[in-house]
Amino acid sequence: KPPTPWPSDVSVCFADSPDLMAADISRGLLRRVQRECPEPEQMHELEQEVASGRCVLRENVDGIVERVVFLVALRIEDGVNTLMQLGSIGEDGRLQRGKVELPGTKRAR
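Basis of the calculations
- Residues numbered from 1 in each chain as written.
- Predicted model: local features only at pLDDT ≥ 70, side-chain atom pairs only at ≥ 80, totals over all residues.
- Heavy atoms only, no water.
- Salt bridge = Lys/Arg side-chain N within 4 Å of Asp/Glu carboxyl O.
- Buried < 20%, exposed > 50% of the residue type's maximum accessible area, 1.4 Å probe, protein only.
- Helix = DSSP H or I, 4+ residues; strand = E, 2+ residues; numbered from the N terminus.
- Pairing = 2+ DSSP bridges.
- Axes fitted to C-alpha atoms, helices over the stretch in contact; angles between N-to-C directions.

**Q** Would you take a moment to explain the pattern of salt bridges for this structure?
**A** One side chain can pair with another of opposite charge once the charged atoms of both are near each other. Evaluation of the coordinates by the stated rule reveals 4 salt bridges. The partner of R58 in a salt bridge is E66, with the nearest N and O atoms 3.1 Å apart. Look at R58 and you get partly exposed, because its relative accessible area is 32%. By relative accessible area, E66 is classed as partly exposed at 27%. Between E77 and R75 there is a salt bridge, with the nearest N and O atoms lying 3.1 Å from each other. By relative accessible area, E77 is classed as partly exposed at 48%. R75 gets classed as exposed once you look at its relative accessible area, which sits at 58%.

**Q** Got a minute to help me understand the pairing of strand β4 (residues 95-101) in this structure?
**A** Regular strands place side chains that alternate from one sheet face to the opposite one. Burial analysis of β4 places just 0 of its 7 residues in the buried class, which makes it a mostly uncovered element. Strand direction decides the pairing type here: strand β3 (residues 85-89) and β4, joined by 4 bridges, are antiparallel. Within β4, the position partnered with I89 by the bridge is L95. With antiparallel pairing between neighbouring strands as the criterion, β3 and β4 make up a hairpin whose turn holds 5 residues, including G93 at a positive phi of roughly 85°.

**Q** Help me out: how do you make sense of the sheet that holds strand β5 (residues 104-107) in this one?
**A** Strand order in the open sheet formed by 3 strands is β1-β2-β5, with antiparallel pairing between adjacent strands. Bordering the open sheet on either side are β1 (55-59) and β5, each of which pairs with just one other strand. Mean inter-strand twist for the sheet, computed between neighbouring axes without regard to direction, equals 40°. In this sheet, β5 lies alongside strand β2 (residues 65-73) in antiparallel orientation, the contact comprising 4 bridges. Across the sheet, F70 pairs through a bridge with R107, a residue of β5.

What follows is the structure, encoded as structure tokens:
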């Protein structure tokens, strides 16, 4: 017997609904968004994220297409201190953003 309940049509332990979504659902919703989106630059970025698996698209109960992004954040501590990211350096060597947060990034599915 596994340590968690067997997956069913209703529930899969340790999986969120976007984890179970087929990639072709996102591509279909992407075509719908392309017809409605006036910003080609934003569309290009969204197309790349969907194609690479860095996000999925889903339709909410109101019929609105939502973008779901998968994130990984690290919490590293020694009991007293916690490692925090203070910002990031751009290609030009300058500080891109100054913000105290846990280090992390978007991840592919």
